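# Observations on the three-dimensional arrangement
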Amino acid sequence: MSILPTVLPRLRGIWLILFRVVWCAALAVALFSAIGTTWFDTRDASDSISPIWVFTERMDELGVRIFPPVVSKTWVISNPFSREALSSGIRGGEQIVAVNQRPVTRLTSAPTLAHMLSGREGQKTVLRLRSADGSLHDRVLTYRAKNVETWYRGSGLDPKWQFLLRRVGYDLMTLLLLLPAAILFLRRSHDIVAATFSLSLCLITIGSTVEFWTAISAANPYNILADVPYILLLMVGCAFPDGRYWPSWTRFSLIIAPLILVPATLIAGDYSQFSLFTAPGFIAVVAILALRYRRLAPGTERQQFRWVAFGLATGVTVLLLRIPFAMFQYGLKPGPFSPWIDLGGSFVHALGYAIIGAGFGVSLLRYRLYDAESLISRSAALTAATVMLAGLWATSEKALETLLPAIMGQGQETLAGIISAGFAVVLVTSIHGRVRQWIEKRFQRGVYRLKEKLPALLDVLSPRVDTAVLCEKVLSDIVRDVRATKAAILLRGGSNFLIAAQHQVDEFDVRAWLEAQSSAETIEEGSADSIFKVALPLVDTLKNEPIGWLLVGPRPDGTTCNRDERNALAAVAAPIARTLAAVQARENREGRLLAGLAVLEQRLSLLETQLPAFLERA
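A brief look at the structure comes next. Note that the structure is a prediction, hence the values are computed from the model and not measured. (Residues numbered from 1 in each chain as written. Predicted model: local features only at pLDDT ≥ 70, side-chain atom pairs only at ≥ 80, totals over all residues. Heavy atoms only, no water.)

All right, on to the overall build of the chain then. Scanning the chain from terminus to terminus reveals 19 helices and 12 strands. A burial count over the chain gives 47% of its 618 residues as buried. A total of about 31,300 Å² of accessible surface is found on the chain, and carbon and sulfur atoms cover 63% of it. (Helix = DSSP H or I, 4+ residues; strand = E, 2+ residues; numbered from the N terminus. Buried < 20%, exposed > 50% of the residue type's maximum accessible area, 1.4 Å probe, protein only. Areas by Shrake-Rupley, 256 points an atom, 1.4 Å probe, with all protein chains shown as cover.)

What follows is the structure in C-alpha cells.
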C-alpha cells in the first residue's frame, strides 16, 4: 500500500483547478439551498409541508406531535393535543406502522413522512399504530387549520413567523460556516487538509435545507451532498492540521472511510441518521488527534489543536443540548411557550454546527491561536455557573415543594420557586469565585501563574538577589506565561531608561519605542507598527514616580496579548515595581554600607601601618 502517502501533497496544476471548480460549485449549491429554503419556509403555511426538525416532526394540522427515529427505535406519537386526537384513543409512545396504508419504518425519511401526513382542510388521515403491548389499531384524524391556532395560542407566533425565525438561525449558521470556508479557499487552497475542510464546511450547510430539496423532488441528490462532507472529513481528519498522517497507519482512512460510508448513504434515511454511522469514525479521529496533541511541543501546531478541541467540545456540547430540548418537545402541550421551545431547539442545532466550523476555521487560518485558553476558560466558567444555578434551583425547589405543604399547607408552589431561586443565586455567587479560580488554573495556567505564583516568587527573591537577576527571572516568567516573542524591562538610570532585561530585542528597538512613547499611567496598546504591543509603567508607590517600564511584544502569530493576559500583567505590575524599588533601595543601602566599610578598612589599614612607630615613641 505504498501508493497511500503519509504526507498529503500540495494541490497543483490541474488538481488545483479541479478543486477550485468543485468548490465554487459547492458554494453555489449551498447558497442556492439556503436561499431556496428561506423562500420555502417563509411562504404561507397553507402552501408548504410541515417544517423538518432534527428531533421533532410536528403535524399541527392533525393535532399530534411525532417523534423521529433519531433517538428512538422508530417514528412514534409523542403527544396528541387536539380534542379529536385525544378522543380517538391515541396515546403518546405509540409507534407509527403506516399512514393511509403506506408503510412507515425507521428508514422512512422525515420529508417522506411529512408528505404522507400533509393534506387539505377536512381530509381524513388513517394512522396504523402499534401500542406498547404490541397490538395494532387504526386511528383516523382530520386535517384542520384550527389545530394550528390551538398550538400557537398565546405565544405571539404563527407558523410563518416561526418558520422565518427558524430559517434566520440556520441562515446565520450558513454564513458562519461559509465565511471560514471562503477564507480558507482564498488563502490555503493549495493545502489539501485546509481545502478539504473548506469544501466540507460549504456542504455541511446543505443539511438544514431538506424541505426545499424534497419540494423540488431532489431528495436523492440532497442525501448525497449532505453525506459527502462527513466522508471527506473522516478521510483527512487524521492528517490535521499539516497533512501528515500520524501514526502512519491512519493513512488507510483514505480508503476505509469511503469504502464503509458510501454504502451507508443508501441505508440511512437522512443525513441525521447517516451521522450516526459516522460517529465511531469521528470518535476514533478525536482519540488519534488527542494522542498526537500530547506529543507536540508548545507552539503553533499545539494551539491549532486547542482551537479544534474547543470547537469540537463546545459544538458537540451545544448539539447535545438538543436532547433536553427533545425531552421538553416530546411532552409539550399547546401553550404560549411550546412554539418558542421548538424554535430554541433549532437555534441550538444551528449554533452547534457554527461553533464547530468556527473552531476549525480559526485553527486552519492560524488567527488568534493563542486566545484558545481564554475562550475555553470563559466558556467553562459560564457553563459551570449555569449548570450549578439550574441544578441547585431545581433540586431546592423539589425539596421545598415537598416540605412547605406539610408546614404551611397547600398552594405554596410559587413561594417554593422564589425561595429556591434566591437560595441558588446566593450559593452559586459564593462559590463562583472558587470555581472560576479552579477553571483558570486548569485552562489558563499562564494567567494563573502570573496572578498567583509570581507575586509569591517576588517575595522570596526580594531579599536574596540583585536587580539584574530579579529582572531576568521576572521577564523569563512573563515571556513564558504570555508567550511573547519580544519583551524587555527598562529601569531608570539618571534621566534615561536603560535595559535591565531583554528577550529577543536590542537597544535600537527600545530607543525607537522610547522616542515614540509619551508618559502613561495605564496599560497602553502600541501602534500598529510598534514592536511592543503592551507597555506597563512600573511605579514606585512610595515616591509616586515611575522607576521603569515593562514592555511586551506580540505572540508568535503576531497578535497582542488578550484581555485576560493584559489584566494579569496589570495586576502583577505593582508587585514587580514594589519589589524592584525594595531591591534597589536595599542595594543602595548595601552600597552605602560597603562604601563606609571600605573607608573604615582604609583607616584601619593606615592605623596598622602607623601603630609600630607610635609604640616606639611611647
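Bringing helix α8 (residues 219–236) into the picture now. Under the 1.5 Å per step criterion, the end-to-end length of α8 is 27 Å for 18 residues, consistent within 8% with the ideal 26 Å. Bending of α8 peaks at approximately 25 degrees at the position of Val228, with proline Pro229 no more than four residues after it. Inspection of α8 places Tyr222, Asn223, Ala226, Asp227, Pro229, Tyr230, Ile231, Leu233, Leu234, Met235 and Val236 among the buried residues, and these make up the whole buried set. (Expected span 1.5 Å × (residues − 1). Bend = angle between axes of the 7 residues up to and from the residue.)

Another point: the side chain of Arg292. With respect to the helices, strands and loops of the structure, Arg292 is situated in helix α10 (residues 271–295). Since its relative accessible area comes to 6%, Arg292 is described here as buried. For Arg292, the side chain forms a polar contact with the side chain of Asp242, separated by 2.7 Å. Among the polar contacts listed, one links the side chain of Arg292 to the backbone oxygen of Arg244, at a separation of 2.9 Å. (Polar contact = N/O pair within 3.5 Å; in protein donor to acceptor, adjacent residues only side chain to side chain.)

Further remarks concern the packing of aromatic side chains. What the rule picks out here adds up to 7 aromatic pairs. With a centroid separation of 5.4 Å and 70 degrees between ring planes, the pair formed by Phe32 and Phe212 is classed as edge-to-face. A residue pair is termed long-range when its members are at least 10 positions apart, and Phe32 in helix α1 (residues 13–41) and Phe212 in helix α7 (residues 210–215) qualify at 180 residues. Its relative accessible area of 6% is what places Phe212 among the buried residues. Relative to Phe282, the ring of Tyr230 has its centre 6.4 Å away and its plane inclined at 80 degrees; by these criteria the two rings are edge-to-face. Here Tyr230 is found in helix α8, whereas its partner Phe282 is found in helix α10, with 52 residues between them in sequence. Its relative accessible area of 8% is what places Tyr230 among the buried residues. Among the aromatic residues, those joined into a cluster by ring pairs are Phe19, Trp23 and Phe185. (Phe/Tyr/Trp six-rings, centres within 6.5 Å; stacked < 30°, edge-to-face > 60°.)

Core analysis: the biggest nonpolar cluster contains 58 residues, and Leu8, Phe19, Trp23, Met173, Phe197, Phe240 and Tyr245 have the highest contact counts within it. Sort the elements by how many residues they give to this core and helix α6 (residues 192–204) lands first, with 9 residues. With near-sequence residues (within four places) excluded, Leu8 lies in contact with Ile192, Val193, Val236, Ala239, Gly243, Tyr245 and Leu254. Membership of the second largest hydrophobic core comes to 34 residues, among which are Leu454, Val534, Leu538 and Val552. (Core = buried A, V, L, I, M, F, W, Y, C linked by side-chain atoms within 4.5 Å. Contact = heavy atoms within 4.5 Å.)

There is a patch of nonpolar side chains on the surface, built from Ile14, Trp15, Ile17, Leu18, Val21 and Val22 and spanning about 640 Å² of accessible area. Within the element layout of this structure, Ile17 appears in helix α1. The class for Ile17 is exposed, based on a relative accessible area of 52%. (Patch = residues over 30% accessible without salt bridge, like charges linked within 9 Å, V, L, I, M, F, W, Y side chains within 5 Å. Salt bridge = Lys/Arg side-chain N within 4 Å of Asp/Glu carboxyl O.)

This part takes up the pattern of salt bridges. Summed over all chains, the structure comprises 10 salt bridges. Among the salt bridges present, the one from Asp242 reaches Arg292, with a minimum N-O distance of 2.7 Å. With a gap of 50 residues between them, Asp242 in the loop between α8 and α9 (253–267) and Arg292 in helix α10 connect regions that are remote in the sequence. As a salt-bridge pair, Lys473 and Asp477 come within 3.4 Å of each other at their nearest N and O atoms. Of the two residues, Lys473 and Asp477 are both situated in helix α17 (residues 467–482); the distance of 4 residues between them amounts to about one turn of the helix. Under the relative-accessibility criterion, Lys473 is labelled partly exposed at 34%. Taking relative accessible area as the criterion, Asp477 reaches 8% and is therefore assigned buried.

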